[in-house]
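Residue-level structure breakdown
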Amino acid sequence: MKKKALFFCNCDMAMKNGHGQMVRAHYKMLSELFQGCVSAIMIPDLYTASVNNGFYCFPHPSQLEKLIAVLRGFTPDFSVNSLKRIFDIIKEENVSTILIENSMFGRLIQCIKEKYPEIEIITYFTDIEADLLSQELRHCSLRRKLVCKRLLENEKKTVQYADKKFVLNKRDEMLFVKFYQKKPDLVIPLSVTKKTNLDTVGKHIAGEKLQLLFVGGDFWPNVIGIRWFVNEVLPKIDVPYELKIIGLNMELYRDELECKSDSIRVIGTVNDLSSFFEEADVFIAPIRDGGGMKYKTAEALSYGKTFIGLKESLIGYWEYIPDDIKNQGIYVCENEVDFCQRINELGNLTFKKCRLNIKEFVESICSYEVVFKKFKSLFDV
């Protein structure tokens, strides 16, 4: 009998952000490994309960259901009422392996292992929540403290009950060891699609307007980062530029950001990013907070873009960058002074919009083929 897998994520796989792209990549890899014998459970924000061709959509928990979940030891993203349905799906689909796309479902994993101990459960740690939540606990409300406590307990249970765990980068591996005194099974970076038919001739000409691009959705590290850049960096730039800001729901900040300069265009939500990436001279990533790896970093580099970012934006990449492009095409900055210096320098240089050595670098660590080889080593298929 063919082995079957179950893919579980607490989001909509069609999400137009970096996390959505990672979820889709992992689902595709799992489907390839199990030759299409994969069912999926999603808990998207805006969908009602449904099932279609092996895709089970569970309704997002109500406020009351979230409270009940927290009081019973689950993450608030999970309705306790869904537990029996998950057991039924496992039995009906004859599931042998489950991939869970979040470390916050430890109590669910415990329940599954108690009922079906033979099932192998593999969990993807998007970041190490023990690190992020310990920071949040210092300044959050009393209500949020209860939620954070449950989330911490759930991640701890994930480490205890999941058969295999994988993280995105070496920093998260070190944090995993720090908080749980054991190593994850594997470090698997995010994957990015290889770009073809790119214009490798087009250039930014010294002295011409520098086309800057920021991509990031309405998520607090992105909002804080672009506000800092607009307020602290742009006023110090001497070269002509145009900054385009793109990302899911970022149009909400159009008035706030565009009033700072006539050279800022907040475009917000778009269906296709490719033309914006190709037109850009320089991709900026003023991100100082967060965890895991930044998908938009990989995406920008896959277009061969000259890249300027704060340290956080290059976590998981910097240690692998060859010397010929380290701070010679991919630049890391400490502060606004560094950022200004790099942008002013580039404004007075002629360079290609698509640098093949940058594109080839990111493909060497993040292409689907490279990542899939590591991913499949987790599974007994």
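In case you missed it, the structure is sitting above this.
Computed from a prediction, not measured in an experiment: that's the story for all the values here.

1. As for the packing of aromatic side chains
Aromatic ring pairs are defined here through the distance separating the ring centres and the angle between the ring planes. Enumeration according to the criterion identifies 19 aromatic pairs in this entry. Ring geometry for F7 versus Y27: centroids 5.5 Å apart, planes at 75 degrees, classification edge-to-face. Of this pair, F7 sits in strand β1 (residues 4-9) while Y27 sits in helix α1 (residues 18-33); the two residues are 20 residues apart in sequence, bridging distant segments of the chain. Residue class for F7 comes out buried when judged on its relative accessible area of 0%. For Y27, a relative accessible area of 17% gives the class buried. Ring geometry for F8 against F105: centres 5.0 Å apart, planes inclined by 75 degrees, an arrangement best described as edge-to-face.

2. Regarding the pairing of strand β11 (residues 241-246)
Every other side chain in a regular strand lies on the same face of the sheet, so the side chains alternate between the two faces. Burial of β11 is extensive: 6 of the 6 residues sit out of reach of the surface. With burial as the criterion, each face of β11 is covered, one bearing Y241, L243 and I245 and the other bearing E242, K244 and I246. With 4 bridges connecting them, β11 and strand β12 (residues 264-268) associate as parallel partners. Following the sheet pairing, L243 is matched in β12 by I264.

3. As for the environment of L210
Within the secondary structure layout, L210 lies in strand β10 (residues 210-215). Those residues in contact with L210 that lie beyond four places of it in its chain are H204, P240, Y241, E242, D281, V282, I343, L346, G347 and F351.

4. Overview of helix α6 (residues 142-161)
Here α6 spans 29 Å end to end across 20 residues, near enough to the 28 Å set by a 1.5 Å rise per residue. Of all the positions in α6, only V147, C148, R150, L151, N154, E155, T158 and V159 are classed as buried. As for α6, its buried residues are in contact with α2 (63-71), α4 (106-115), β6 (120-124), α5 (129-136), β7 (164-167) and α7 (170-180).

5. Considerations on the sheet that holds β12
The strands making up a sheet are joined through hydrogen bonds of the backbone, oriented either antiparallel or parallel. Read across the sheet, 6 strands follow the order β12-β11-β10-β13-β14-β15 without closing on themselves; strand pairing throughout is parallel. Looking along the sheet, the strands with just one partner apiece sit at the ends: β12 and β15 (330-333). In this sheet, adjacent strand axes meet at a mean angle of 20 degrees when their direction is disregarded. Across 4 bridges, the pairing between strand β13 (residues 282-285) and strand β14 (residues 306-310) is parallel.

6. Observations regarding unusual backbone geometry
Among all residues except glycine, the phi angle is most often negative; among peptide bonds, the trans geometry is most common. At Q35, a position not held by glycine, the phi torsion is positive, near 50 degrees. Tracing the backbone shows Q35 in the loop between α1 and β2 (38-42). Even without a glycine there, the phi angle at N249 is positive, about 70 degrees. In this structure N249 comes out as partly exposed when scored by relative accessible area, which is 34%.

Conventions used here
- For every chain, the first residue of the written sequence is number 1, and numbering continues from 1 along that sequence.
- The model is predicted, so local features are restricted to residues of pLDDT at least 70 and side-chain atom pairs to those at 80 or more, both for listing and for counting; the totals for chains, interfaces and linings are taken over all residues.
- As a rule here, side-chain values come from all non-hydrogen atoms in the structure, and water together with hydrogens is ignored.
- Only the six-membered ring of Trp is used, alongside the rings of Phe and Tyr, when aromatic pairs are assigned; centres must lie within 6.5 Å, and planes under 30 degrees apart are stacked while those over 60 apart are edge-to-face, with the rest tilted.
- Helix and strand assignments follow DSSP, with helices taken as H or I runs no shorter than four residues and strands as E runs no shorter than two, numbered in order from the N terminus.
- Working definition: with a 1.4 Å probe on protein chains only, accessible area under 20% of the residue-type maximum means buried, over 50% means exposed, and in between means partly exposed.
- Paired strands, in this sense, are two strands between which DSSP finds at least two bridges.
- The contact criterion used throughout is that any non-hydrogen atoms of two residues lie within 4.5 Å.
- One fewer than the residue count of a helix, multiplied by 1.5 Å, yields its expected span.
- The convention used is that axes are lines fitted to C-alpha atoms, helices contributing only their stretch in contact, and that angles between N-to-C directions extend from 0 to 180 degrees.

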